Amino acid sequence: MEAPPGGTAAREAEGGVWLRDEPLLLAELKPGRPQQYDWKASCETWSVAFSPDGTWFAWSQGHCIVKLIPWPLEEAELSCKASERKNRGIKADVRGGGGAKEKTLECGQIVWGLAFSSWPPCGAKEGDGLPASGRSCLILATGLNDGQIKVWEVQTGRLLFSLSGHLDVVRDLSFAPNGSLILVSASRDKTLRIWDLSRDGTSKQIQVLSGHTQWVYCCSISPDCSMLCSAAGEKSAFLWSMRSYTLIRKLEGHQSSVVSCDFSPDSALLVTASYDTCVIMWDPYTGEQLRTLRHVPLPPALDYGSDIHASSLRSVCFSPEGLYLATVADDRLLRIWDLELRTPVAFAPMTNGLCCVYFPHGGFIATGTRDGHVQFWSAPKVLSSLKHLCRKALRTFLTTYQVLALPIPKKMKEFLTYRTF
């Protein structure tokens, strides 16, 4: 594998121009002295999340605590010298713009999953524990070790309600991106559950999805809200309809447990990551494997440690424009992949990484570690080509089958269905 040269450069590609910069560690948040919980409490950061509008960051810092941090962080902290970043981290009283203050959510259980959504300004009644009628707000759902899901109002840090139904750890959460307050939860009880938070009363569960034979690690709803992908400790991922809540197909191709999945911003692509060290990119409409990205050991010149072990994947996510991927693996590296090249174009050394997520507007990647830390990395800047912007706009409402039925040249169909790179 050829390593990318150092420094900054521009590379033109079919999808756009990438202004290359190796990821820099911009800031690191470290938990303070852990509070005294029972022996079962752990310190891992299993989940990190940005709010859809990019104004808040949620960090499950371990020991049953979630930190809600206004974004952006203070400019002084983000621009500190690289030599200082690794050694001191950021203090717990970091504040962002707009006068919002950091909040601490005491969840009482180990927190595994986090998901933001907006609460619309209608439908809630005074006195029911929900946001007042006529006032929109941001909410955060937290998936807990005891199977409960607690939903919080972000601006106040107030617990709104709890959802009960799962019989084991709630490992992951995903809100429908259309603001409908549909929430999907994935659990170690081998099920996914669909919740409608806009329902009155305590009965908000509307469906249970069964079929997995192992713990469900991850769930992701497509941006067009038509599909749901779930990844469990199995060699296949499941693709579900979000309209009928039925299984569309099993995606088979991995050689070990699938642990993470994510849809592209236009819903035209799906990626799954596995302990087999591979990321597979799928066409979710046809079930076709489009390409495989393999995690291989680094060349000696870029080997960031002498004890490199298996590259089992932990997390994968798309960049906001849909041309790049970020992955975290057990070989202590954050990788950024160019989908056209099928190889990593940037690396960053990190220890014990568990999860990664892009900032909604690009420019940053947040990663969580087994030590309870969260790190913020610079991400390559991308200038999308007009061709890619047109493809992305078209694919937000056209399925693969609809594209193939258009009376246009074959090469154009191949480009629109991501089969040209």
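Each remark here, short or long, concerns the structure printed above.
Caption draft 1: Main features of the overall build of the protein chain. If you tally the helices and strands in the protein chain, you get 5 helices and 31 strands. Taken across its 421 residues, the protein chain has 55% of its residues classed as buried. Restricting the contact set of the protein chain to residue pairs at least 6 apart, pairs at least 24 apart contribute 52%. As displayed, the protein chain has an accessible area near 17500 Å², and 52% of this comes from carbon and sulfur atoms.

Caption draft 2: Broad picture of unusual backbone geometry. Look at the link from tryptophan 71 to proline 72: it is a cis peptide, with omega at 10°. Structurally, proline 72 can be placed in the loop between β6 (65-70) and α1 (75-78). A positive phi angle, close to 70°, is found at cysteine 64, a residue other than glycine. Structurally, cysteine 64 is set in the loop between β5 (56-62) and β6. With a phi close to 55°, asparagine 352 is a non-glycine residue in the positive phi region. On the secondary structure map, asparagine 352 appears in the loop between β27 (343-349) and β28 (353-358).

Caption draft 3: Geometry of the side chain of lysine 413. Positionally, lysine 413 belongs in helix α5 (residues 410-416). No salt bridge is formed by the buried lysine 413. Its closest oppositely charged neighbour is glutamate 414, at 10 Å. Apart from residues no more than four positions distant in its own chain, lysine 413 is found in contact with Val403, Leu404, Leu406 and Ile408.

Caption draft 4: Seen up close, the packing of aromatic side chains. Enumeration according to the criterion identifies 12 aromatic pairs in this entry. Consider the rings of tryptophan 46 and tryptophan 112, whose centres lie 4.7 Å apart with planes at 25°: the pair is stacked. Here the residue tryptophan 46 occupies a position in the loop between β3 (25-29) and β4 (48-50), and tryptophan 112 occupies one in strand β8 (residues 111-119), the gap between them amounting to 66 residues. Comparing tryptophan 46 with tryptophan 112 shows no difference in burial state: the two are buried. Where phenylalanine 57 meets phenylalanine 376, the ring centres are 5.0 Å apart and the plane angle is 65°; that geometry is what we call edge-to-face. With phenylalanine 57 in strand β5 and phenylalanine 376 in strand β30 (residues 374-378), this pair connects stretches of sequence that are 319 residues apart. Over the aromatic face of phenylalanine 415 sits the side chain of lysine 387, whose NZ or CZ is 5.3 Å from the ring centroid. Over the ring of phenylalanine 415 we find arginine 391, and its NZ or CZ is 4.0 Å from the ring centre.

Caption draft 5: Region of the structure containing the pairing of strand β14 (residues 192-196). Along β14, 5 of the 5 residues are buried, which leaves the element largely enclosed by surrounding structure. In this structure, strand β13 (residues 182-187) lies alongside β14, joined through 5 bridges in antiparallel fashion. Bridged to valine 184 within β14 is isoleucine 194. Between β13 and β14, which pair antiparallel one after the other, the connecting turn spans 4 residues, and lysine 190 there sits at a positive phi close to 75°. Two strands pair when backbone bridges link them, and β14 and strand β15 (residues 205-209) are joined in this way by 4 bridges, in the antiparallel orientation. Across the sheet, the residue bridging to tryptophan 195 is glutamine 205, located in β15.

Caption draft 6: Structural detail: the sheet that holds strand β7 (residues 103-106). With antiparallel pairing, the 4 strands of this open sheet are ordered in space as β4-β5-β6-β7. Across the chains shown, the open sheet's two edge strands, defined by having one partner strand only, are β4 and β7. The mean inter-strand angle of the sheet, taken between neighbouring strand axes irrespective of direction, is 20°. Taken together, the 6 bridges between β5 and β6 define a ladder with antiparallel strand orientation. The residue bridging tryptophan 56 from the neighbouring strand is proline 70, located in β6.

Caption draft 7: Region of interest: the pattern of salt bridges. Scanning the model with the defined rule gives 7 salt bridges in all. We note a salt bridge from glutamate 102 to lysine 67, for which the minimum N-O separation is 3.4 Å. Remark: lysine 67 occurs in strand β6 and glutamate 102 occurs in the loop between α2 (82-88) and β7; sequence separation between them is 35 residues. Of the charged contacts in the structure, one is a salt bridge between aspartate 189 and arginine 193, with a shortest N-O distance of 4.0 Å. Judged by its relative accessible area of 11%, arginine 193 is buried. One connected set of salt bridges, linked through shared partners, spans Asp283, Glu288 and Arg419.

Caption draft 8: Highlighting the state of the cysteines. In this structure the tally under the stated criterion is 0 disulfides. Unpaired in terms of disulfides, cysteine 219 finds its nearest cysteine sulfur in cysteine 218, a separation of 6.2 Å. When its relative accessible area of 4% is taken as the criterion, cysteine 219 is described as buried.

Conventions and cut-offs
- Residues numbered from 1 in each chain as written.
- Predicted model: local features only at pLDDT ≥ 70, side-chain atom pairs only at ≥ 80, totals over all residues.
- Heavy atoms only, no water.
- Helix = DSSP H or I, 4+ residues; strand = E, 2+ residues; numbered from the N terminus.
- Buried < 20%, exposed > 50% of the residue type's maximum accessible area, 1.4 Å probe, protein only.
- Contact = heavy atoms within 4.5 Å.
- Areas by Shrake-Rupley, 256 points an atom, 1.4 Å probe, with all protein chains shown as cover.
- Lys, Arg positive; Asp, Glu negative; His and termini not counted.
- Salt bridge = Lys/Arg side-chain N within 4 Å of Asp/Glu carboxyl O.
- Phe/Tyr/Trp six-rings, centres within 6.5 Å; stacked < 30°, edge-to-face > 60°.
- Lys NZ or Arg CZ within 6 Å of the ring centre and 35° of its normal.
- Pairing = 2+ DSSP bridges.
- Axes fitted to C-alpha atoms, helices over the stretch in contact; angles between N-to-C directions.
- Disulfide = S-S within 2.5 Å.

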